[in-house]
Amino acid sequence: MKSFKILALPGDGIGPEIMKEALRVISATGKRHAASFSIEERPVGGASIDGCGVPLADEVLKLALLSDCVLLGAVGGPKWEGLDYSIRPERALLALRKELGLFANLRPARVYGALADSSTLKREVVSGVDIMVVRELTGGLYFGVPRGVEKLPDGTERGVNTLVYTTPEIERIARVAFDVARKRGKRLTSVDKANVLETTELWRRVVTRVAVGYPDVALSHMYVDNCAMQLVRNPRQFDVIVTENTFGDILSDEAAMLTGSIGMLPSASLGAGRHAMYEPIHGSAPDIAGKDVANPIATILSVAMMLKHSLDMDEAAGEIESAVERVLDRGLRTADIYQAGTRRIGCREMGEAVVSEIDG
Ligand code: IPM
Ligand code: MG
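Residues numbered from 1 in each chain as written. Chains lettered and ligands numbered in written order. Predicted model: local features only at pLDDT ≥ 70, side-chain atom pairs only at ≥ 80, totals over all residues. Heavy atoms only, no water.

Topic: the overall build of the chain
Of the regular secondary structure elements, the chain holds 12 helices and 14 strands. For a compact globule of 360 residues, the expected C-alpha radius of gyration is about 21 Å, and the chain comes in at 20 Å, within 12% of that figure. Over its C-alpha atoms, taken along the principal directions, the chain stretches across nearly 60 × 50 × 45 Å. The proportion of buried residues among the 360 residues of the chain is 53%. (Helix = DSSP H or I, 4+ residues; strand = E, 2+ residues; numbered from the N terminus. Rg over C-alpha atoms; globule rule 2.2 N^0.38 Å. Buried < 20%, exposed > 50% of the residue type's maximum accessible area, 1.4 Å probe, protein only.)

Quick word on the packing of aromatic side chains
Per the stated rule, a full pass over the model turns up 3 aromatic pairs. For the pair Tyr 165 and Trp 203, a centre-to-centre distance of 5.4 Å together with 70° between the ring planes defines the contact as edge-to-face. Here Tyr 165 is found in the loop between β7 (157-160) and α6 (167-182), whereas its partner Trp 203 is found in helix α7 (residues 198-210), with 38 residues between them in sequence. Pair check on accessibility: Tyr 165 and Trp 203 agree, each one buried. Residue placement shows Arg 172 over the ring face of Phe 103; its charged tip is 4.2 Å from the ring centre. (Phe/Tyr/Trp six-rings, centres within 6.5 Å; stacked < 30°, edge-to-face > 60°. Lys NZ or Arg CZ within 6 Å of the ring centre and 35° of its normal.)

A word on the layout of surface pockets
Quantified by volume, the largest pocket comes out at close to 770 Å³. If you go around the largest pocket, you meet 27 residues; those closest to its centre are Tyr 85, Glu 90, Arg 91, Leu 94 and Tyr 142. Per-element accounting of the lining of the largest pocket gives the leading share, 5 residues, to helix α4 (residues 89-99). By residue class, the composition of the lining of the largest pocket is 12 nonpolar, 5 polar and 10 charged. Looking at which domains feed residues into the lining of the largest pocket, each of domain 1 (1-103 + 263-360) and domain 2 (130-257) supplies at least three. Of the voids in this model, the second largest pocket is the one considered here, and its volume is about 570 Å³. For the second largest pocket, the lining is made up of 20 residues, of which Pro 108, Met 132, Met 305, Lys 308 and His 309 are closest to its centre. Elements with a minimum of two residues in the lining of the second largest pocket: β4 (104-110), β5 (130-136), α6 and α10 (297-309). Examining the composition of the lining of the second largest pocket, we find that 4 residues originate from one element, α10, more than from any other. In terms of residue class, the lining of the second largest pocket is built from 12 nonpolar, 1 polar and 7 charged. (1 Å grid on protein atoms, 1.4 Å probe; cavity = no way out; pocket = protein on both sides within 12 Å on 5 of 7 lines; lining within 4 Å. Points joined across faces, edges and corners; volume = space filled by probe spheres on them. Nonpolar A, V, L, I, M, F, W, Y, C, P; charged D, E, K, R; others polar. Domains from an automatic or database assignment.)

Details of the pattern of salt bridges
All chains considered together, the criterion is met by 23 salt bridges. A salt bridge links Arg 274 to Asp 68, with the shortest nitrogen-to-oxygen separation between them at 3.7 Å. Taken together, the residues Arg 274 in the loop between β11 (268-270) and β12 (276-278) and Asp 68 in the loop between α3 (58-66) and β3 (69-74) connect sequence positions 206 residues apart. In this structure Arg 274 comes out as partly exposed when scored by relative accessible area, which is 48%. For Arg 184, the salt bridge is made with Asp 130, and the minimal N-O distance between the two is 3.3 Å. Here Arg 184 is found in the loop between α6 and β8 (187-192), whereas its partner Asp 130 is found in strand β5, with 54 residues between them in sequence. (Salt bridge = Lys/Arg side-chain N within 4 Å of Asp/Glu carboxyl O.)

Examining the site of ligand 1
Taken together, Glu 90, Leu 93, Arg 97, Arg 107, Arg 135, Tyr 142 and Asp 249 are the residues near ligand 1. Between an oxygen atom of ligand 1 and a side-chain N or O atom of Arg 135, the distance comes to 2.8 Å. Contact distances for ligand 1 include 2.5 Å between an oxygen atom and a side-chain N or O atom of Tyr 142. In the complex, the protein chains occlude 78% of the 320 Å² of accessible area that ligand 1 would expose alone. Looking at the shell around ligand 1, the element that brings in the most residues is α4, giving 3 residues. Among the residues forming the shell around ligand 1, the class breakdown is 2 nonpolar, no polar and 5 charged. (Near = heavy atom within 4 Å. Polar contact = N/O pair within 3.5 Å; in protein donor to acceptor, adjacent residues only side chain to side chain. Areas by Shrake-Rupley, 256 points an atom, 1.4 Å probe, with all protein chains shown as cover.)

Regarding the sheet that holds β4
Taking strand neighbours across the sheet as the criterion, the 10 strands line up as β2-β1-β3-β12-β11-β4-β5-β10-β8-β9 in an open arrangement whose pairing is mixed. Single-partner strands in this sheet number two, and they are β2 (35-41) and β9 (218-223). The average angle at which neighbouring strand axes cross in this sheet is 25°, direction not considered. Where β3 lies against β12, 2 bridges are found, and the strand directions are parallel. (Pairing = 2+ DSSP bridges. Axes fitted to C-alpha atoms, helices over the stretch in contact; angles between N-to-C directions.)

Here's the deal with the pairing of β7
Two elements, strand β6 (residues 148-151) and β7, share 4 bridges in a ladder whose sense is antiparallel. Residue pairing across strands places Lys 151 opposite Glu 157, the latter belonging to β7. Hairpin connection from β6 to β7: 5 residues lie between these consecutive antiparallel strands, with Gly 155 at a positive phi of about 90°.

Structure below.
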């Protein structure tokens, strides 16, 4: 019997509700595939600040390093917005990414047939969209120094963030993206702002150099402003997109809306070693927290990514994905993807529906 150690970090807002449904899916999968999952659950983000004063306790980071992988809900909320940047809930997420060395963030935006009318864009624009955004996750503006806001002698203030990338950082994320493209449609779009930002001109040169090792993958380059436009103009032109941290943050939210709802998008954060973290790309949605209306599908699909990328359980991952597809085909919808003619259900019922499809 295979056995895995998973650290579950529900976090804030809707985090605990969606995590509960994801854990239900994990336990159903374990039964079917004779795998044992030992799950440790700990507070993170605002919940951790409330409990012990810091967004990520040392003990939790240590557990993360010892686990096979981390499954995270969401962090943040208005309650903690006034805090200093160094101890905000979001710091926990950034610290986990950095300390676990998770430089590659895979964010698949796939439009399910049943949801092609749920997008705010026309069906003929979004149907068939299947994009993988490969976002660099431990560099760029998020981590670059110098950073901060300083007071100047004349009483004004000066804010600084630094967009920094080294050649090895660009090379390793490019290789991940080329490898991903190789297993998909063999087309890679590298997104930069090379006409204005030197760092991203370096990005373009390095990605072009890495491409020499991947003659079977067609590489193109695109400026980020154009990419933002092309994503809503003709999203089907994209297969894999690789880009730096901040651009990837923004473009992946945009790509999410092609699928009907940000509540549908899972993600995998991977590094060079065996560490990995899986999380929905959406936030903690404090406005709907605790009301049983959140969509747990992004987290459930993150479990599928976990089975595939960390636990070598591809078949089980496929089962979860097709269970989700069947639930949507049956017309079951959480509020965010509801349309006339479908049946609106809550977070819990959605989790149960996916589990019962998995159980067959
Ligand atoms: C994401 C989120 C995070 C990010 C926030 C919560 C720090 O928006 O995972 O996309 O900016 O990376
Ligand atoms: Mg984001």
